Amino acid sequence: MTAPRRWRRLLGAAVAVSASLLAVTAPGASAAPDPDNHEMGASIRAHDGVAPAGLLPASADASVPGIDVSSYQGNVNWASYWSAGKKFAYVKATEGTSYQNAYFSQQYTGSYNVGMIRGAYHYGRPDTSGGAAQADYFVAHGGGWSKDGKTLPGTLDIEWGPNNACYGKTPAQMVAWIKAFSDEYHAKTTRWPVIYTATSWWSQCTGNTGDFSSTNPLWVARYASSAGTLPYNWGFYTFWQYSSSPIDQDQFSADITRLKVLATG
C-alpha cells in the first residue's frame, strides 16, 4: 500500500469516528442517563406503567393542554408545539443541590417567547440534602416566580428515588422534608409550589399523611384516561400528566383564564 493511500484510509477512519461522537453528543440526541439528572415521571412510569400511544384524556373539553421538558429533549422547537395547541410548559431547572439543566435557558425562554405560560420544576432528592436547601437552590437557578402573568409557580417533583423508593425516610420524615421545601419556597417567592407526584408514591412514602391540599396545587401523574384517585386529602388536581408519548403530555384542569390567574398569583 502506498503512503498516500494509507493516509487517506486513516483520515477516513478519523472522520467516521468524529461523526460518531458528534451524533452522540448532538443536542437532543440519546445519551447515557446522568445519575444526577432524572426526568419527570420516569420512575412513576416504571412503577405504575405507561399509557397507550395517542391517549387523550376523557375530560379535555374545559382544560388547557401543555407539556413538560428536561435536558433529555435538548433544544425544543417551541413554535411547533405552540402550533399544535400547547399553551403552557414546565421546564426542569434543577435537581438536588448540584444539578442544573444545561438547556434551561433555551427551553424556559423559548416557551415564553412563542406565547406559552411557563414555569420551572425541581426534582426533589431527599437523600442528598434538606428540603429548605433544595428550595433555595431551585430559586437561585431558575425556579423563582415573577408576577408577569406568564410565569407559573415552581413545582416540586417528588417520586421514587434512584436507590430507594422513599429515600430512606420514614413517612413523618418525608412529610417534614416536603413541608420544609414548600415553606422555604413560599418564603422566597410568596407562592406555594405545585407538588407533582403519583398517588401510589404518596401512599407508600408519606403513609397518606401530611395535608398539603389547602396550600399547594396538585400535579398528579397517572397514565390513563382519567386521573383516578388523588393523593391524600386533595379533592381536585390542578395539573395532570396523562401521557409521555411522544413527549410528556399535561393538562390544566380549567380554562385559559384560570391558568392566567394561577400565573398572576
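Residues numbered from 1 in each chain as written. Predicted model: local features only at pLDDT ≥ 70, side-chain atom pairs only at ≥ 80, totals over all residues. Heavy atoms only, no water.

Applying the stated criterion across every chain yields a total of 7 salt bridges. Notably, a salt bridge pairs D136 with K188, separated by 2.6 Å at the nearest N-O pair. Separated by 52 residues along the polypeptide, D136 in helix 5 (residues 131-143) and K188 in helix 6 (residues 171-189) bring together distant segments of the chain. On the accessibility criterion, D136 (29% relative accessible area) is partly exposed. (Salt bridge = Lys/Arg side-chain N within 4 Å of Asp/Glu carboxyl O. Helix = DSSP H or I, 4+ residues; strand = E, 2+ residues; numbered from the N terminus. Buried < 20%, exposed > 50% of the residue type's maximum accessible area, 1.4 Å probe, protein only.)

It is worth spelling out helix 8 (residues 256-264) at this point. When we look at burial in helix 8, the residues that qualify are L259, L262 and A263. An end-on view of helix 8 places all buried positions within 100° of arc, on one side of the element. Elements that come into contact with the buried residues of helix 8 comprise strand 1 (64-69), strand 2 (88-95), strand 4 (117-123), strand 8 (239-243) and strand 9 (248-252). Of the residues one or two after helix 8, G265 is the one with positive phi, at around 85°. (Arc of directions from axis to C-beta. Contact = heavy atoms within 4.5 Å.)

Turning to the packing of helix 6 against helix 7 (residues 199-206), a few remarks are in order. Helix 7 packs onto helix 6 with a crossing angle of 120° between their chain directions and a minimal axis gap of 7 Å. In this structure, helix 6 uses P171, M174, V175 and I178 to contact helix 7, whose residues at the interface are W201, W202, C205 and T206. Taken together, the residues of the contact of helix 6 with helix 7 break down into 7 nonpolar, 1 polar and no charged. (Axes fitted to C-alpha atoms, helices over the stretch in contact; angles between N-to-C directions. Nonpolar A, V, L, I, M, F, W, Y, C, P; charged D, E, K, R; others polar.)

Across the protein, the average pLDDT comes to 87, with 83% of residues at 70 or higher. In the model, residues 1-31 has pLDDT below 50 throughout and makes 11 contacts with residues more than four positions away in sequence or in other chains. (pLDDT = per-residue confidence, 0-100.)

All chains considered together, the criterion is met by 1 disulfide. Each sulfur of the disulfide joining C166 and C205 lies 2.0 Å from the other. In this structure the cystine formed by C166 and C205 twists about its S-S bond by roughly -80°; its chirality is therefore left-handed. Separated by 39 residues along the polypeptide, C166 in the loop between strand 5 (155-157) and helix 6 and C205 in helix 7 bring together distant segments of the chain. (Disulfide = S-S within 2.5 Å.)

Among the secondary structure elements, Q241 is positioned in strand 8. Residue classification places Q241 among the buried residues on the basis of a relative accessible area of 0%. For the pair formed by Q241 and M40, sequence separation is 201 residues and the distance between their alpha carbons is 9.8 Å. Of the polar contacts made by the side chain of Q241, one reaches the side chain of D68; its length is 3.0 Å. (Polar contact = N/O pair within 3.5 Å; in protein donor to acceptor, adjacent residues only side chain to side chain.)

We now examine helix 6. Between its first and last C-alpha, helix 6 extends 27 Å over 19 residues, near the 27 Å set by a 1.5 Å rise per residue. Listed in full, the buried residues belonging to helix 6 are M174, V175, W177, I178, F181, S182, Y185 and T189. Summarising the axial view, the buried residues of helix 6 lie within an arc of 160°, below the 170-degree limit, and thus occupy one face. Across helix 6 from its buried face, at more than 90 degrees, point the exposed residues A172 and A187. Where helix 6 is buried, its residues meet strand 4, helix 5, strand 5, strand 6 (194-197) and helix 7. (Expected span 1.5 Å × (residues − 1).)

Below, the discussion takes up the pairing of strand 6. Residue alternation in strand 6 divides its side chains into two sets, V194 and Y196 and I195 and T197, and both sets are buried. Pairing of strand 5 with strand 6 involves 3 bridges; the strand directions are parallel. Within the sheet, the bridge partner assigned to T155 lies in strand 6 and is V194. In the classification by handedness, the crossover that spans strand 5, the intervening helix 6 and the parallel strand 6 is right-handed. As judged from the 3 bridges shared by strand 6 and strand 7 (residues 218-221), these two strands associate in the parallel manner. Its bridge partner lying in strand 7, T197 is registered against V220. Between the parallel pair strand 6 and strand 7, the chain is carried across by helix 7, and the sense of this crossover is right-handed. (Pairing = 2+ DSSP bridges. Right-handed = clockwise from strand over helix to strand, strands pointing away.)

Turning our eyes to something else, we now look at the environment of R258. For R258, the location among the structural elements is in helix 8. Residues R258 and V64, spaced 194 residues apart in sequence, show a C-alpha to C-alpha distance of 9.7 Å.

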